[in-house]
Amino acid sequence: MPVENKGRMKNCYISELCEGARIDDVFLVTSKSLAEARNGSMYIRLQLSDRTGAIDAFKWDASDDLYGKLKRDDFIQVRGAVRGYNGKLQIDIDSFRASSVKVDAADFLPRCARDVDEMLAEMRLLIDATQHPQLRALLESIFKDKDFLTKFSNAPAAMKIHHAYIGGLLEHSLTVAKMCEAICAQYPGVERDLLVTGALLHDIGKTDEFSWNASIKYTDSGHFLGHIVSGTMMLDRAIENIPGFDPLLKLVIEHLIVSHHGQKEYGSPKRPKSLEGVILHFVDDLDAKINTFTGAVKPKPEEDAGHWTERHWVFDRPLFRGLPQQLNPAEAAPVSLESLFSEYDPFEDD
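Residues numbered from 1 in each chain as written. Predicted model: local features only at pLDDT ≥ 70, side-chain atom pairs only at ≥ 80, totals over all residues. Heavy atoms only, no water.

**Student:** How do you make sense of the nonpolar core when you look at a structure like this?
**Tutor:** One broad rule of soluble globular proteins: the nonpolar side chains tend to lie buried together. Of all hydrophobic cores here, the largest spans 47 residues; its most connected members are L138, F143 and L200. Here this core takes seven residues from helix α5 (residues 168-186), the largest share from any one element. Sequence-distant contacts of L138, defined by excluding residues within four places in its chain, comprise T197, L201, L235, A238, I239, I242, F245 and I253. With 21 residues, the next largest nonpolar core counts F27, I44, A62 and I76 among its residues. (Core = buried A, V, L, I, M, F, W, Y, C linked by side-chain atoms within 4.5 Å. Buried < 20%, exposed > 50% of the residue type's maximum accessible area, 1.4 Å probe, protein only. Helix = DSSP H or I, 4+ residues; strand = E, 2+ residues; numbered from the N terminus. Contact = heavy atoms within 4.5 Å.)

This is the structure we're talking about:
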């Protein structure tokens, strides 16, 4: 069964593969290993990926020389067939070679579902609503830099756990800022401009922490410093260019960045000591957990999804996928508790 060419640089994405399909396309190598089959021959196991997901691929009757031609994060042209094995799809590779075409990284990295321009417009409204003159000047100074704004709009917020896709940093920062603004409406004692400024700036160091050309990886700065240190340095450089910036306010903003992970064992040099710092930490953590949860309960194309996921490595428990979606809830058949919990072992969490 040939895969339809839809007029794109890639002929097909992993999410579109089906059993029996023949492929001749470019994929990103995200992992590789060489092993011995039961008959004594060698085979190569690869994990191939694009922006829609990952799939295992096997090159049978391989050799050390052939294995040596592969590197992680290589783009390779793969010819082979898709087949099912133990309920999952995999690719049996006939041949592969280094890709000879110019690769568009957008084909291989997942991307935020939200429109970037819409998110930037929402962020602009938050900045425009900031009345404190020095905080407003700080936000304007940082986000008026077009090169920085481009990086901020495209950067992921993490490698694997939450918002680990192009545009994830902007989406996460905006969501945290909007949630913080909503909290301010409920608690008059919270300094809105201070909290929203901290929310928009708390992860700016991730623009230096990660690279995202073929895959999301730590940069040298990410390895040596991390985004909390880098973000504080970026904040300090911006403040140096704002005449008369209040030194105590500078310390308070720096504290929001250095304490937003909440605990020293989670990477914060200091635990939150201001009301705004406490709020920012918990809102940041909440948005990260919600994003992780919603990604975890979304079934993969090959899954016959039930009500529960497998045990999730972040939450250390199976996760409930939610009530079944019905077009007309009033006419929907009632869902029995027995069916909801038949797949779930309550002792599995212990």
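**Student:** Before we go on, may I ask you to explain the sheet that holds strand β2 (residues 42-50) in this structure?
**Tutor:** Strand pairing in a sheet relies on backbone hydrogen bonds. The paired strands run either parallel or antiparallel. Reading around the circumference, β1-β2-β3-β5-β4 is the order of the five strands in this closed barrel, with mixed pairing throughout. Taking each pair of neighbouring strands and ignoring which way they run, the sheet shows an average axis angle of 50°. (Pairing = 2+ DSSP bridges. Axes fitted to C-alpha atoms, helices over the stretch in contact; angles between N-to-C directions.)

**Student:** Where do I start with the layout of surface pockets in this structure?
**Tutor:** Put simply, the second largest pocket is a space of about 770 Å³. Around the second largest pocket, the lining comprises 29 residues; the ones closest to its centre are I161, H162, H261, Y266 and A288. Of all the elements in the fold, those that place two or more residues in the lining of the second largest pocket are α7 (206-209), α9 (226-240) and α11 (275-297). By residue number, the principal contributor to the lining of the second largest pocket is α11, which donates six residues. Here the residues of the lining of the second largest pocket sort into 14 nonpolar, eight polar and seven charged. (1 Å grid on protein atoms, 1.4 Å probe; cavity = no way out; pocket = protein on both sides within 12 Å on 5 of 7 lines; lining within 4 Å. Points joined across faces, edges and corners; volume = space filled by probe spheres on them. Nonpolar A, V, L, I, M, F, W, Y, C, P; charged D, E, K, R; others polar.)

**Student:** Would you take a moment to explain α9 for this structure?
**Tutor:** Every α-helix carries 3.6 residues per turn, so stepping three or four residues along brings you back to the same face. Here α9 spans 22 Å end to end across 15 residues, near enough to the 21 Å set by a 1.5 Å rise per residue. The set of residues buried in α9 consists of G226, H227, I228, S230, G231, T232, M234, L235, D236, A238 and I239. Elements that come into contact with the buried residues of α9 comprise α3 (133-143), α4 (146-154), α6 (192-201), α7, α8 (220-224) and α10 (247-258). (Expected span 1.5 Å × (residues − 1).)

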